[in-house]
Amino acid sequence: MYIGPIAKRYAKALLAYAIECKAEAEVYEQAFSLCRTLMQVKELQRAMLNPVLDRTAKVNLLRTASGGAFHPVCERFIGLLFQQRRERYLLFILASFISLYRREKEIYVGQLTTAVPLDKATEEHLRTMVAQAVKGTVEFDLSVDEEILGGFILQLDNQRMDASVKGQLRQLRAELLR
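A.B. asks: So what exactly am I meant to see when it comes to the overall build of the protein here?
C.D. replies: Along its length, the protein carries eight helices and four strands. What you see for the protein is a C-alpha radius of gyration of 20 Å, clearly larger than the 16 Å of a compact globule of 178 residues, by over 25%. Sorting the 178 residues of the protein into buried and exposed places 37% on the buried side. Residue pairs at least 24 apart in sequence account for 67% of intrachain contacts in the protein once pairs closer than 6 positions are excluded. Carbon and sulfur atoms make up 54% of the accessible area of the protein, which amounts to about 11400 Å² in all. Charge centroids of the protein, computed over 25 positive and 21 negative side chains, lie 8 Å from each other.

A.B. asks: Explanation requested: unusual backbone geometry in the structure shown.
C.D. replies: Across residues other than glycine, the phi torsion is negative in most instances, and most of the peptide bonds are trans. One non-glycine residue with positive phi stands out, namely Lys135, at about 55°. Position of Lys135 relative to the elements: it lies in the loop between α7 (120–134) and β2 (137–144). A positive phi is found at Leu149, a non-glycine position, where the angle reads about 70°. Among the secondary structure elements, Leu149 is positioned in the loop between β2 and β3 (151–156).

A.B. asks: Would you mind showing me how to read helix α5 (residues 72–83) here?
C.D. replies: In an α-helix, one turn spans 3.6 residues; hence positions three or four apart end up facing the same way. For α5, spanning twelve residues, the distance from its first C-alpha to its last is 16 Å, which sits close to the expected 16 Å at 1.5 Å a residue. Among the residues making up α5, those that are buried are Val73, Cys74, Phe77, Ile78, Leu81 and Phe82. Summarising the axial view, the buried residues of α5 lie within an arc of 160°, below the 170-degree limit, and thus occupy one face. When the buried face of α5 is taken as reference, the exposed residues oriented beyond 90 degrees from it are Pro72, Arg76 and Gln83. On its buried face, α5 sits against α1 (4–20), α2 (24–40), α3 (42–49), α4 (55–65) and α6 (90–105). Once α5 ends, the next one or two residues include Arg85, with phi positive near 60°.

A.B. asks: Is there a simple way to explain the environment of Leu118 in this structure?
C.D. replies: Summarising the element assignment, Leu118 is placed in the loop between β1 (107–114) and α7. Distance from Leu118 to Val144, taken between C-alpha atoms, is 8.8 Å for residues 26 residues apart in sequence. Once residues within four sequence positions are removed from consideration, Leu118 is found in contact with Leu112, Glu123 and Leu126.

A.B. asks: How should α2 be read in this particular structure?
C.D. replies: Look at α2: 24 Å from first C-alpha to last across 17 residues, which is about the 24 Å you get at 1.5 Å a residue. Turning to α2, its buried residues number three or more, namely Glu24, Val27, Tyr28, Gln30, Ala31, Leu34, Cys35, Thr37 and Leu38. In the core, the buried residues of α2 are packed alongside α1, α3, α4, α5, α6 and β2.

A.B. asks: Sorry, what's going on with a nonpolar patch on the surface here?
C.D. replies: Nonpolar side chains collect at one region of the surface, where Leu149, Val165, Leu169, Leu172 and Leu176 lie side by side and expose about 490 Å² of accessible area between them. By the element assignment, Val165 lies in helix α8 (residues 165–176). Residue classification places Val165 among the partly exposed positions, given a relative accessible area of 34%.

A.B. asks: Whenever I open this one, the packing of α1 against α5 confuses me. Can you help?
C.D. replies: If you want to describe how two helices pack, look at the angle between their axes and the distance between the axes. The contact between α1 and α5 brings their axes to 11 Å, and the two run at 150°. Between α1 and α5, the angle falls in the class roughly antiparallel. α1 and α5 meet at a crossing whose hand is right-handed. Here α1 contributes Tyr10, Leu14, Tyr17 and Ala18 to the contact with α5, which in turn contributes Val73, Arg76, Phe77, Leu80 and Leu81. Classifying every residue of the contact of α1 with α5 gives eight nonpolar, no polar and one charged.

A.B. asks: Sorry if this is basic, but what is going on with the nonpolar core here?
C.D. replies: Soluble globular proteins tend to pack their nonpolar side chains together in the buried interior. Val27, Leu34, Leu38, Leu62 and Phe97 are the most contacted members of the largest nonpolar core, which has 35 residues in total. Every element with two or more residues in this core is listed here: α1, α2, α3, α4, α5 and α6. Contact partners of Leu38, with chain neighbours within four places excluded, come to Leu44, Gln45, Leu62, Leu90, Leu91 and Leu94. Judged by nonpolar contacts, the second largest core, of nine residues, contains Val130, Val138, Phe152 and Leu154.

About the thresholds
Residues numbered from 1 in each chain as written. Predicted model: local features only at pLDDT ≥ 70, side-chain atom pairs only at ≥ 80, totals over all residues. Heavy atoms only, no water. Helix = DSSP H or I, 4+ residues; strand = E, 2+ residues; numbered from the N terminus. Rg over C-alpha atoms; globule rule 2.2 N^0.38 Å. Buried < 20%, exposed > 50% of the residue type's maximum accessible area, 1.4 Å probe, protein only. Contact = heavy atoms within 4.5 Å. Areas by Shrake-Rupley, 256 points an atom, 1.4 Å probe, with all protein chains shown as cover. Lys, Arg positive; Asp, Glu negative; His and termini not counted. Charge placed at Lys NZ, Arg CZ, Asp CG, Glu CD. Expected span 1.5 Å × (residues − 1). Arc of directions from axis to C-beta. Patch = residues over 30% accessible without salt bridge, like charges linked within 9 Å, V, L, I, M, F, W, Y side chains within 5 Å. Salt bridge = Lys/Arg side-chain N within 4 Å of Asp/Glu carboxyl O. Axes fitted to C-alpha atoms, helices over the stretch in contact; angles between N-to-C directions. Parallel < 35°, antiparallel > 145°, perpendicular 65-115°, else oblique. Left-handed = near helix turned anticlockwise from the far one by under 90°. Nonpolar A, V, L, I, M, F, W, Y, C, P; charged D, E, K, R; others polar. Core = buried A, V, L, I, M, F, W, Y, C linked by side-chain atoms within 4.5 Å.

Shown next as structure tokens:
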């Protein structure tokens, strides 16, 4: 069975319900956290697929993974998923919801790589500059790569800005070899 339409349908319903309850930001944060946890903890994914575990145990596992409590919108939605026996699609539904929410709220996700960890002020300054350029909100996945020597590399959607020392050295080398 192709799960794309199922995940998208449930994700649309969750977004519509969250907007109706004026809780979309809270639901997004919880969905993002739970999605990340499900992707990182493979045992949790396997538990959701385990037919021996009953529904209550699975919901309690998710609640624990979520930090102890669900937002009422999430609680009701997860209850619906389990009632409809769609818990195996939870990860895909959450990923679809995150994508729909970001599109709705004009949130762009970028990968920012630096040679050293950024302080909060510099990170916020870069985020503000990029947000003004794209006319939306920007979320960064931060990573540190000492091999770029200095500067940063920003990947946003299908665009890449390489302002690293390594990139500039590579460009200089290419020009000298011409």
